[in-house]
Amino acid sequence: MEGKTGVKFAQTLAASLCLALTGAAQGPAATAPDAQAGDALPPWQPGMLDIHHISTGSGNSAFFVLPDGTTMLFDAGDVDRAQIARLPPLKVQPPRPDASRRAGQWIADYVRQFMPAGRAPALDYALISHFHSDHFGKLLPSSPPSKTGAYKLTGIMDVAEALPIGTLIDRAAPDYRIPVDLRKCEPGGTLNNYLAFVDWRTGHGMAVESIQPGKTGQIRLLRDAARYPGFQVRNVAANGLLWTGKGDRTAAHIPWKAAGGCGFNENPFSLALRITYGKFDYFTGGDITGLEGFGNPGWFDVETPLGAAVGPVDAMTLDHHGNRDATNANFLRAMQPRMIVQQNWVSDQPGGEVLHRMASPDIWPGERSIFSTGMADETRVAIGPWLEKAYSSMAGHVVLRVAPGGGQYEVFILDDTGTSRRVIRHFGPFASR
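Bear in mind that the values here come from a model prediction, so they are computed numbers and not experimental data.

When we look at burial in helix α5 (residues 155-162), the residues that qualify are G155, I156, M157, D158 and V159. Where α5 is buried, its residues meet β3 (71-74), α3 (103-113), β4 (123-127), α4 (133-136), β5 (165-170) and α6 (190-203).

Okay, structure coming up:
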């Protein structure tokens, strides 16, 4: 028999979804005249901000074309499917579009397709949010050597093999000692393969930097910044050092010594950004965490103080893929996103309670739309109709396109089953806040 708590949860969720879904339904769900289903994505034009959440089935990756054509990649994950298969009943997503290439190779192929016209394919910036393989690439026995011979190819290394990267930014360069000496934690393993890649770059005069929390000048427009004064990238978190919302000031949130030895939890150390373009604001934060439960200390809640500093945004990615230890109520109440993009790759994403929080008008009022790059069938069965009703799209590359000046934006869903990457659906335009 269902208890009173279960009944109340169901009733609350139903009421939440009525409001949330009203927003999804009111947004133009059919393709717009300039983007019919089956058409190519209209090309980027100067002044636009494009944010491509790339669907690989293998973790996070997002490609940005900034208003002056500066390019940036945020993460390039690749996972060990065999490892997940040993953790039943979890199910990993199939590789997208197929297994003929590694995820990093598909990411590079995607970037080539959506580069600004007339430009040689290249990345001005590549950021790694934190050191988990679904964000930078898993070293496998099958990983081939790079052309340099200094490291093996997976994730961001595969991308770098195919495309020049101007500046590589992560959370711990150049010493990799936060919160412990990371070089000693996994000799010969996945992280050390990445560090060999870093060492090769620095040894050959290529830029590798640590993110600078609180700052706005580290990631900037490189081609015509003066033309777009309303554009800004604010580094809002890394290594538990959080922007306060005042100037460039930060506050230490995680006591590094309390994090433990090499078995520490990497997720709350993730770097996070807020991108502003006129009235438009976007947040992405890797796998930052927001819940103190499950025996976690109070500082495990990075989201609450960070959300208070960042404030409302038009769009955001779902922290930690929608896992249960993130996207807390305080964070959502502060962020009040109109658009939420979930970059998920395994069947426990999202947690049912995360869905409830995202849909609840008791947490924040107003319309909201949720998009997934690839929802597992097992997740849809487990959560049921609430999931189906809450999401506007459950598969495909999710592209946010912000109009010149930042006054409005739209969402395109692109087919991830092949290399043509045609438009499936179009939403908007929506007015920025």
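Bringing the nonpolar core into the picture now. Core analysis: the biggest nonpolar cluster contains 80 residues, and I156, Y176, Y194 and F283 have the highest contact counts within it. The dominant element in this core, judged by the number of residues it contributes, is α6, at 5 residues. When near neighbours in sequence (up to four residues on either side) are disregarded, Y176 contacts F131, D170, D181, L182, R183, Y194, L195, V198 and V208. Counting residues in each nonpolar core, the second largest holds 35 residues, with L49, A62, F231 and Y282 among its members.

Right, let's talk about the packing of aromatic side chains for a bit. Going through the model one piece at a time under the given rule, you end up with 15 aromatic pairs. Aromatic pair Y194 and F197: ring centres 6.1 Å apart, planes at 55°, arrangement tilted. Of this pair, Y194 and F197 are both found in helix α6, 3 residues apart, which corresponds to roughly one turn of the helix. Comparing Y194 with F197, the two get one shared label, buried. A connected cluster of aromatic rings, assembled from ring pairs, spans F131, F136, Y151, Y176, Y194, F197 and W200. Above the ring of W106, the side-chain terminus of R101 is found at 4.5 Å from the ring centroid. Above the ring of W364, the side-chain terminus of R368 is found at 3.7 Å from the ring centroid.

Taken together, the 9 strands give an open sheet; going across it, the order is β9-β8-β7-β10-β11-β12-β13-β14-β15, and neighbouring strands pair in mixed fashion. What marks the edges here is a single partner per strand, and that holds for β9 (250-252) and β15 (391-393). The sheet shows a mean angle of 25° between the axes of neighbouring strands, direction not considered. Pairing of strand β7 (residues 231-238) with strand β8 (residues 241-243), which is carried by 2 bridges, proceeds in the antiparallel orientation. When the sheet's bridge partners are listed, A237 is paired in β8 with L242.

It is worth spelling out the sheet that holds strand β17 (residues 408-414) at this point. Strand order in the open sheet formed by 9 strands is β6-β5-β4-β3-β2-β1-β16-β17-β18, and the pairing between neighbours is mixed. Strands at the two margins of the open sheet, each flanked by one partner only, are β6 (207-210) and β18 (423-431). Sheet twist, expressed as the average angle between the axes of neighbouring strands with direction ignored, equals 15°. When strand β2 (residues 62-65) meets β3, the two strands line up antiparallel, connected through 4 bridges. Following the sheet pairing, F64 is matched in β3 by M72.

Here we take up the state of the cysteines. Enumeration according to the criterion identifies 1 disulfide in this entry. Paired by a disulfide, C185 and C262 hold their sulfur atoms 2.1 Å apart. Its torsion about the S-S bond being -80°, the disulfide of C185 and C262 is classed as left-handed. Taken as a pair, C185 in the loop between β5 and α6 and C262 in the loop between β9 and β10 (272-277) lie far apart in primary sequence, 77 residues in all. Classification of C185 as partly exposed rests on a relative accessible area of 25%.

With that settled, the discussion passes to unusual backbone geometry. R96 connects to P97 through a cis peptide bond whose omega is -5°. Relative to the helices and strands, P97 resides in the loop between α2 (81-85) and α3. Following I178, the chain continues to P179 via a peptide bond in cis, the omega torsion being -5°. Its location among the elements puts P179 in the loop between β5 and α6. The phi torsion at H320 lies on the positive side, around 50°, for a residue other than glycine. Tracing the backbone through its elements, the reader meets H320 in the loop between β12 (315-317) and α8 (329-335). Residue classification places H320 among the buried residues on the basis of a relative accessible area of 12%.

Here the focus is the pairing of β4. The element β4 is extensively covered by neighbouring structure, given that 5 of its 5 residues are classed as buried. As paired strands, β3 and β4 are joined by 3 bridges and run parallel to one another. Bridged to M72 within β4 is Y125. Where β4 and β5 come together, 4 bridges link them in parallel fashion. Residue pairing in the sheet places L127 in a bridge with I169 of β5.

Moving on, we get to the pattern of salt bridges. A complete count under the given rule lists 15 salt bridges for this structure. The partner of D109 in a salt bridge is R421, and the shortest N-O contact between them spans 2.9 Å. Of this pair, D109 sits in helix α3 while R421 sits in the loop between β17 and β18, placing them 312 residues apart in sequence. Exposure remark for D109: the relative accessible area of 17% places this residue in the buried category. A salt bridge links R171 to E266; its shortest N-O distance comes to 2.7 Å. Remark: E266 occurs in the loop between β9 and β10 and R171 occurs in the loop between β5 and α6; sequence separation between them is 95 residues. Within the structure, one salt-bridge network assembled from shared partners comprises R101, D109 and R421.

Calculation rules
Residues numbered from 1 in each chain as written. Predicted model: local features only at pLDDT ≥ 70, side-chain atom pairs only at ≥ 80, totals over all residues. Heavy atoms only, no water. Buried < 20%, exposed > 50% of the residue type's maximum accessible area, 1.4 Å probe, protein only. Helix = DSSP H or I, 4+ residues; strand = E, 2+ residues; numbered from the N terminus. Contact = heavy atoms within 4.5 Å. Core = buried A, V, L, I, M, F, W, Y, C linked by side-chain atoms within 4.5 Å. Phe/Tyr/Trp six-rings, centres within 6.5 Å; stacked < 30°, edge-to-face > 60°. Lys NZ or Arg CZ within 6 Å of the ring centre and 35° of its normal. Pairing = 2+ DSSP bridges. Axes fitted to C-alpha atoms, helices over the stretch in contact; angles between N-to-C directions. Disulfide = S-S within 2.5 Å. Salt bridge = Lys/Arg side-chain N within 4 Å of Asp/Glu carboxyl O.

In short, geometric facts, not functional conclusions.
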